[in-house]
Amino acid sequence: MHSSIRSLFRRTALAATIGALAAALTTISPLAPTAAAAGTLQQVASFGSNPGNLAMYEYAPANLPANAPLVVALHGCSQSASDYHGHSGWQKFADQWGFAVIYPQTNSANNLLSCFSWFDPAKDTRGKGEAASVVQMVDSAAARYGSDRSRIFVTGLSAGGGMAADLLADYPDVFAGGAVDSGLPAQCATTQAAASGCQYSSQNLTPKQWGDKVRNSYPGYTGPWPRVAIWQGASDTTVAPVNATELRDQWTDVWGVGQTASSTRSLTGGTTESIYNDSAGKPAVALFSVSGMAHGLAVNPGSGADQCGTTGAYYLNSICSSYHTTRFWGLDGSGGDPGSGSLPAPSGVAVTGTTGTGASLSWNAVSGAASYNVYRNGTKAGSVTGTSYTDTGLSAGTSYSYTVAAVDSTGAVGASSAPVTATTTGAAPKCYTANNYNQVAAGRAHQSLGYTYANGSDQNMGLYNVAITHTLKETSPGYFVIAVGLGSATRPHEVGVASNRRSALLR
């Protein structure tokens, strides 16, 4: 970030007024709030009471499967949702690995420089202001897309990173993981006056004191904590690198692990990755320090599997942070271990056949692979040493998303392939709920001697009247079984008598 913008960020933290930039910001036109097809960024006009006065934008790939993950991405100061969507690289991985992205957008009415208010308890705490608005967006999108509520994530840059940290502390019951890019520890400042100190200097707190800020954000919470990735430019003069250390101290303490890395490795762009494992040996916190990088989001334009984004103001060419964050969260099917392996993603993954209960896949071999993991809808379905796999036990007429990752001889899992969709043959089972009289009238059942029987299975449904209601499942054309029985239940001796009568009649 150049010096004039650094000055603006500093003054914003102290609530100073900079007229020229404020005027420029008020002229930024939001996206038109009209509905758009899947695969485009669109505004959602209504998503709740919106106490934080935010705008909601979202991106969902075409053919997004049910139970897909959901990512919230918070822009930095003087940025917008469309700006962040266009530069950050999140669209590439949403398309590739199948998840939706929410882009909250603040405005100059909330903050002079359109920053998220990470330092204001009236806006960044549980149930209040901007934090509450973001969670309302999550609820709205999750209901619309049928998202997997156990795989909701939040990331943010700069002030958006500070708000992301606050959201992770406020709502550990909502977010499974997060990423703080050039941002601040959760609840570092609780006044505008204190914000500047957080940005530029150490707060001299112990890991436990930092961890207490998280624990006090949602007192009494005993569930699992979010897994947190921290990104920091080593030459950042707007948000000092000590903030990354404090974030590391904060979240390792919350997880109850030490501040000594479980593993380190060097990545592209002069990046050092440090992983801090939980008690089960799975990464809980990841710290990515980018040598020579100033204030901004790390991107790396190009067509490579680990490249993404475009450069611009605060989008700095070094490494694709979105790629590594996505892998850390496990959205690529890697299981959430970003340092697990360096094998490339298998190419040529294809569906070679389907049946009513199975799907067959094949792919090209990866040099150095000892085996391959196959993931169905983001969950590991199996492991094979060859380059083909048949998944079984599936439902008829149902679509499944598959990815494949190579595994080396040490057990390290490489990058996952782009997803392919397999749809099993046959019709998906259909259910019909009605009273016995109407089930017969619709041709799903028949009656004999005053009793009702499901077509195909001949299961006794009780008396032939409107007082007894059942749900019938059609498991194959014309074959029905009782799924749920409601209403006035038939007494056991009545069913027995009816069965005997029907047996006699059939004989």
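See the structure printed just above.
Every value quoted in this text rests on a predicted model; they were computed, and no experiment measured them.

Student: Teacher, can you tell me more about the overall build of the protein here?
Tutor: When helices and strands are tallied, the protein shows 13 helices and 26 strands. Within the protein, buried positions represent 52% of all 507 residues. Relative to all contacts within the protein whose residues are 6 or more apart in sequence, the contacts with residues 24 or more apart total 63%. Total accessible area on the protein is roughly 19700 Å²; 51% of this is exposed by carbon and sulfur atoms.

Student: Can you help me understand the packing of helix α9 (residues 207-215) against helix α10 (residues 242-255) in this one?
Tutor: When two helices pack together, their arrangement is given by the angle between the helix axes and the distance between those axes. Look at α9 against α10: their axes get within 7 Å of each other, and the N-to-C directions meet at 70°. As far as their axial angle goes, α10 and α9 are roughly perpendicular. Helix-helix and strand crossings are classified by hand; for α9 and α10 the assignment is right-handed. Along the contact surface, α9 presents P207, K208, W210, G211, K213, V214 and R215, while α10 presents E246, D249, Q250, W251, D253 and V254. Partitioning the contact of α9 with α10 into residue classes produces five nonpolar, two polar and six charged.

Student: I tried to follow the state of the cysteines on my own but got confused; where do I start?
Tutor: Disulfide: a covalent bond formed between the sulfur atoms of two cysteine residues. Evaluated as defined, the whole model comprises three disulfides. Across a sulfur-sulfur distance of 1.9 Å, C77 and C115 are joined as a disulfide pair. The chirality of the disulfide connecting C77 with C115 is right-handed, given an S-S dihedral of about 125°. Of this pair, C77 sits in the loop between β3 (70-74) and α3 (81-88) while C115 sits in the loop between β4 (100-105) and α5 (121-124), and the two are 38 residues apart along the sequence. Here C77 matches C115 in class, with each residue buried. Two residues, C188 and C198, share a disulfide whose sulfurs are 2.1 Å apart. Because the sign of the S-S torsion sets the handedness, a value of about -105° for the bond joining C188 and C198 places this disulfide among the left-handed ones. One end of the pair, C188, is in the loop between β6 (177-181) and α8 (192-200); the other, C198, is in helix α8, with ten residues separating them in the sequence. In terms of burial, C188 and C198 fall into one category: buried.

Student: So what exactly am I meant to see when it comes to unusual backbone geometry here?
Tutor: Only a minority of non-glycine residues have a phi that is not negative, and only a minority of peptide bonds are not trans. The phi dihedral of S182 falls on the positive side, at around 50°, and the residue is not glycine. Within the fold, S182 resides in the loop between β6 and α8. The exposure class of S182 is buried, given its relative accessible area of 1%. The backbone phi angle of L449 is positive, close to 55°, even though this residue is not glycine. By the secondary structure assignment, L449 is in the loop between β22 (445-448) and β23 (451-454).

Student: I would appreciate a short explanation of α10 in the present structure.
Tutor: Helical geometry: 3.6 residues make up each α-helical turn, so side chains three or four residues apart lie on a common side. Relative to the 20 Å expected for 14 residues at 1.5 Å per residue, α10 spans 20 Å between its end C-alpha atoms, a close match to the ideal helical length. Burial within α10 is extensive, with twelve of its 14 residues counted as buried. Considered for burial, the residues of α10 that qualify are N243, A244, E246, L247, R248, D249, Q250, W251, T252, D253, V254 and W255.

Student: Help me understand the sheet that holds strand β13 (residues 350-354), please; the structure alone is not making it clear to me.
Tutor: In sheet architecture, strand pairing relies on hydrogen bonds along the backbone and comes in two forms, parallel and antiparallel. Across the sheet, which stays open at both edges, the three strands sit in the order β13-β14-β17 with antiparallel pairing between neighbours. Lying at the two open borders of the sheet, with one neighbouring strand each, are β13 and β17 (388-391). Within the sheet, the average angular offset between the axes of one strand and its neighbour, ignoring direction, is 20°. Looking at chain direction, β13 and strand β14 (residues 359-362) are connected through four bridges and run antiparallel. The partner of V351 across the bridge, within β14, is L361.

Student: I would appreciate a short explanation of the sheet that holds β23 in the present structure.
Tutor: Strand order in the open sheet made by the three strands is β22-β23-β24, with antiparallel pairing throughout. Two strands lie at the open edges of the sheet, namely β22 and β24 (460-463), each paired on one side alone. Going across the sheet, the axis of each strand differs from the next one's by a mean of 25°, ignoring polarity. Summarising the sheet, β23 and β24 pair through three bridges and their orientation is antiparallel.

About the criteria used
Residue indices begin from 1 for each chain and proceed along its sequence in written order. In view of the model being predicted, local features appear only for residues whose pLDDT reaches at least 70, and side-chain atom pairs are presented and counted only at 80 or more, with totals across whole chains, interfaces and linings using the full set of residues. Water and hydrogen atoms play no part in the side-chain values, which are based on all heavy atoms of the structure. In this text, helices come from DSSP runs of H or I with a minimum length of four residues, and strands from runs of E with a minimum of two, each type numbered from the N-terminal end. The cut-offs for exposure are 20% and 50% of the maximum accessible area for each residue type, with area from a 1.4 Å probe on protein chains only; residues under the lower value are buried, those over the upper are exposed, and the others partly exposed. In this description, contact between two residues means that some pair of their heavy atoms is separated by no more than 4.5 Å. Values of accessible area rely on a 1.4 Å probe in the Shrake-Rupley scheme; residue burial ignores everything except the protein chains shown. Axis definition: a line fit to C-alpha positions, over the contact stretch in the case of helices; interaxial angles, taken between N-to-C directions, run 0 to 180 degrees. Under this scheme an angle from 65 to 115 degrees is roughly perpendicular, one under 35 degrees roughly parallel, and one over 145 degrees roughly antiparallel; angles in between are oblique. The hand of a helix crossing depends on one turn: near helix anticlockwise from the far one by less than a right angle means left-handed, and clockwise means right-handed. Only Asp, Glu, Lys and Arg are considered charged in this grouping, and only Ala, Val, Leu, Ile, Met, Phe, Trp, Tyr, Cys and Pro are considered nonpolar; every other residue, Gly among them, is considered polar. In this description, a disulfide is simply a cysteine sulfur pair whose atoms lie within 2.5 Å. A helix is expected to span 1.5 Å for every residue after the first. Note: two strands are recorded as paired if DSSP finds a minimum of 2 bridges between them.

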